[in-house]
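The lines below spell out each chain.
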Amino acid sequence: MSDIQQVPISDGAIRLGQLLKLAGVVPDGAMARMVIENAEVTVDGAVVTRRGTQIRPGMVVTYQSERFTPSH
């Protein structure tokens, strides 16, 4: 697996769909919604199907073998 990419955020948490866009792994919100609803995204190893799930620094999101976490 690859190293964990740090994705800078300004708040203490970010919604999963927004994080996917900010990390550059999906081009837009429609694609983020699709991959999340299709159970293609995990958070800390568990499949998550709600794009509004709050992701905080230290939580690891994985999509297509890309791993990333929000950071301040």
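For the structure, check the block above.
The structure contained in this document is the topic of the report that follows. Bear in mind that the values here come from a model prediction, so they are computed numbers and not experimental data.

### Let's talk about the overall build of the protein chain
Part 1: When you go through the protein chain residue by residue, the secondary structure sums to 2 helices and 7 strands.
Part 2: Counting helices and strands in the order they occur from the N terminus, the protein chain gives β-β-α-α-β-β-β-β-β.
Part 3: Whereas a compact globule of 72 residues would reach a radius of gyration of roughly 11 Å, the protein chain reaches 11 Å, a difference of no more than 12%.
Part 4: C-alpha atoms of the protein chain, sized along the principal axes, occupy 30 × 25 × 20 Å.
Part 5: The buried share of the protein chain, reckoned over its 72 residues, is 38%.
Part 6: A separation of at least 24 residues holds for 49% of the contacts in the protein chain among residues at least 6 apart in sequence.
Part 7: As displayed, the protein chain has an accessible area near 4,200 Å², and 47% of this comes from carbon and sulfur atoms.

### Describing the nonpolar core
Part 1: Counting residues in hydrophobic clusters, the biggest one holds 18 residues, and the most contacted among them are L16, L20, V41 and V61.
Part 2: Counting only elements with at least two residues in this core, the list comes to α1 (16-22), α2 (29-37), β3 (41-43) and β6 (61-63).
Part 3: Those residues in contact with V41, other than ones at most four positions away along the chain, are L16, L20, V35, I36, A46, V47, V48, V61, T62 and Y63.

### A look at the pairing of strand β7 (residues 66-71)
If a strand is regular, its side chains alternate between the two faces of the sheet.
Part 1: Relative to β7, strand β1 (residues 4-8) runs parallel, the two being bridged by 5 bridges. In the strand pairing of β7, Q5 is matched with F68.
Part 2: Of the strand pairs in this sheet, β6 and β7 are connected by 3 bridges, and their pairing is antiparallel. In the strand pairing of β7, T62 is matched with R67.

### Some thoughts on the sheet that holds β6
Paired through their backbone hydrogen bonds, the strands of a sheet run either parallel or antiparallel.
Part 1: Pairing within the open sheet is mixed, and its 5 strands lie in the order β1-β7-β6-β3-β4. Strands with a single pairing partner mark the edges of an open sheet, and in this sheet they are β1 and β4 (46-47).
Part 2: Bridge analysis of β3 against β4 gives 2 bridges, and the strand direction is antiparallel. Bridge assignment links T42 to a residue of β4, and that residue is V47.

### Some details on the environment of S10
Part 1: Mapped onto the elements, S10 comes out in the loop between β1 and β2 (14-15).
Part 2: Sequence-wise, S10 and P70 are 60 residues apart; in three dimensions their C-alpha atoms are separated by 9.4 Å.

Conventions and cut-offs
Residues numbered from 1 in each chain as written. Predicted model: local features only at pLDDT ≥ 70, side-chain atom pairs only at ≥ 80, totals over all residues. Heavy atoms only, no water. Helix = DSSP H or I, 4+ residues; strand = E, 2+ residues; numbered from the N terminus. Rg over C-alpha atoms; globule rule 2.2 N^0.38 Å. Buried < 20%, exposed > 50% of the residue type's maximum accessible area, 1.4 Å probe, protein only. Contact = heavy atoms within 4.5 Å. Areas by Shrake-Rupley, 256 points an atom, 1.4 Å probe, with all protein chains shown as cover. Core = buried A, V, L, I, M, F, W, Y, C linked by side-chain atoms within 4.5 Å. Pairing = 2+ DSSP bridges.

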